[in-house]
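# Analysis of the macromolecular model
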Amino acid sequence: MKLKELLKITDPYQAKVIAVTKNQPIENIQELINDGQKILAENRPQELIRKSQIINQTLEWHLIGHLQTNKIKLILPYTELIHSVDSSSLMIKINSEAERINKIQKILIQIKLSEEEKKQGYPFELFEAQLSELQLQKLRNINIIGVMGMGSLTDVIATTRKEFRELYNRFYYLKKNYFQNNEFKEISMGMSSDYQIALEEGATMIRIGSLLFE
Ligand SMILES: *Cc1c(COP(=O)(O)O)cnc(C)c1O
């Protein structure tokens, strides 16, 4: 699908399209940029750094994949937003590295949505407990601007919808109880296969890879 067609679908919802460029050669990415795309995302730190250096234009790069603590230092100078923060130790380490380079790093909390054991994400109850106990919201060099979630790999629309609705409800619960500020406003959910459901359920960012490069 062309970017223009996708934007026609997303515009009424005022959701941002995050173009996921993983596994794509530079020519394809450049074409998308020429069509006007300004927010790009990678799931691996090294790929993000490599591509942002080659393309070397004013763009927003987002990290959407799992971040290992030993990669924080490398990646921080390049990332506008990290979608995949799923533990308090990661937050604390991102905060200290951001402080060292005098940056305020915007992050999303990746909430675990699926019951599947291997699925990544912060269990919500754990996040909430640590948020109130450790005052994680007071780490000055990270700015938590919302939540991210990955739906189950399933064809059952009702399952995906339920998971996205849960993320939406948790976002508003967090906003009401812990983040009463205008910056806490993003819900990153939905990929090529389920973005329509995500839009209907209140996504503010959808992460689209394969669909844009077909
Ligand atoms: C790859 C990836 C996407 C995009 O997936 P598509 O199905 O290609 O749209 C979105 N989010 C994350 C975390 C990804 O790793």
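Scroll up to find the structure.
Residues numbered from 1 in each chain as written. Predicted model: local features only at pLDDT ≥ 70, side-chain atom pairs only at ≥ 80, totals over all residues. Heavy atoms only, no water.

In this section: the site of the ligand. With respect to spatial proximity, the complete set of residues near the ligand consists of V20, K22, N43, I64, M150, M191, S192, R207, I208, G209 and S210. Within the side chain of S192, one N or O atom sits 2.5 Å away from an oxygen atom of the ligand. The contact in question runs from an oxygen atom of the ligand to an N or O atom on the backbone of G209, over 2.8 Å. The protein chains hide 86% of the 380 Å² of surface that the ligand would expose on its own. When atom positions are compared with the pocket grids, the ligand is found to occupy the largest pocket. For the shell around the ligand, the per-class residue count stands at five nonpolar, four polar and two charged. (Near = heavy atom within 4 Å. Polar contact = N/O pair within 3.5 Å; in protein donor to acceptor, adjacent residues only side chain to side chain. Areas by Shrake-Rupley, 256 points an atom, 1.4 Å probe, with all protein chains shown as cover. 1 Å grid on protein atoms, 1.4 Å probe; cavity = no way out; pocket = protein on both sides within 12 Å on 5 of 7 lines; lining within 4 Å. Sits in = over half its atoms within 2 Å of the grid points. Nonpolar A, V, L, I, M, F, W, Y, C, P; charged D, E, K, R; others polar.)

Time to look at helix α7 (residues 157-177). Taking 1.5 Å per residue as the helical rise, α7 with its 21 residues ought to reach 30 Å, and the 30 Å between its terminal C-alpha atoms agrees with that figure. Listed as buried for α7 are T160, E163, F164, L167, F171 and L174. With its buried residues spanning 95 degrees around the axis, α7 presents them on a single face. Looking at α7, the residues exposed on the side facing more than 90 degrees away from the buried face are A158, K162 and K176. (Helix = DSSP H or I, 4+ residues; strand = E, 2+ residues; numbered from the N terminus. Expected span 1.5 Å × (residues − 1). Buried < 20%, exposed > 50% of the residue type's maximum accessible area, 1.4 Å probe, protein only. Arc of directions from axis to C-beta.)

Judged by nonpolar contacts, the single largest core of 57 residues is most densely connected at M91, I94, I109, F127, L174 and L212. Beyond its immediate stretch of four places on either side in the chain, I109 contacts H83, V85, M91, Y122, F127, I144, G146, V147 and M148. Listed in part, the ten residues of the second largest apolar core include V20, I39, A41 and M205. (Core = buried A, V, L, I, M, F, W, Y, C linked by side-chain atoms within 4.5 Å. Contact = heavy atoms within 4.5 Å.)

Before going further, it helps to examine the packing of aromatic side chains. Two measures describe an aromatic ring pair: the distance that separates the ring centres and the angle between the ring planes. Throughout the structure, instances matching the rule amount to six aromatic pairs. Taking the centre distance of 4.9 Å and the plane angle of 55 degrees together, the rings of Y168 and Y172 count as tilted. A residue pair is termed a helical-turn pair when its members lie 3 or 4 positions apart in one helix, as Y168 and Y172 do in helix α7 at four residues. When the centroid spacing of 4.4 Å and the interplanar angle of 5 degrees are considered together, the rings of F179 and F184 count as stacked. In this pair, the class of F179 matches that of F184, namely buried. What links up through ring pairs into an aromatic cluster is the set Y168, F171, Y172, F179 and F184. (Phe/Tyr/Trp six-rings, centres within 6.5 Å; stacked < 30°, edge-to-face > 60°.)

Moving on, we get to the pairing of strand β5 (residues 105-110). Consecutive side chains along a regular strand alternate between the two faces of the sheet. Taken across its six residues, β5 has five buried, putting it largely inside the fold. Sheet topology note: the strand β4 (residues 81-85)/β5 ladder contains three bridges and is parallel. In the sheet register, I82 faces β5, and the bridge partner there is I107. After leaving β4, the chain enters helix α5 (residues 88-100) and then returns to the sheet as β5, a path that is right-handed. Of the strand pairs in this sheet, β5 and strand β6 (residues 142-148) are connected by six bridges, and their pairing is parallel. Looking at the pairing, Q105 lines up with I142 of β6. (Pairing = 2+ DSSP bridges. Right-handed = clockwise from strand over helix to strand, strands pointing away.)

This part covers the pattern of salt bridges. Where charged atoms from two side chains of opposite charge come close, those side chains can pair. In the structure shown here, the tally under the stated rule is 13 salt bridges. R100 is the partner of E97 in a salt bridge, and the nearest nitrogen-oxygen pair spans 2.9 Å. Taken as a pair, E97 and R100 lie in helix α5 at a separation of three residues, close to a single helical turn. The buried category is assigned to E97, whose relative accessible area is 11%. Here E201 ties to R165 by a salt bridge, and the two come within 2.8 Å at their closest N and O atoms. Of this pair, E201 sits in the loop between α8 (195-200) and β8 (205-208) while R165 sits in helix α7; the two residues are 36 residues apart in sequence, bridging distant segments of the chain. Taking the relative accessible area as the measure of exposure, R165 reaches 43% and is therefore partly exposed. (Salt bridge = Lys/Arg side-chain N within 4 Å of Asp/Glu carboxyl O.)

Everything listed here is a matter of geometry and, on its own, says nothing about what the molecule does.
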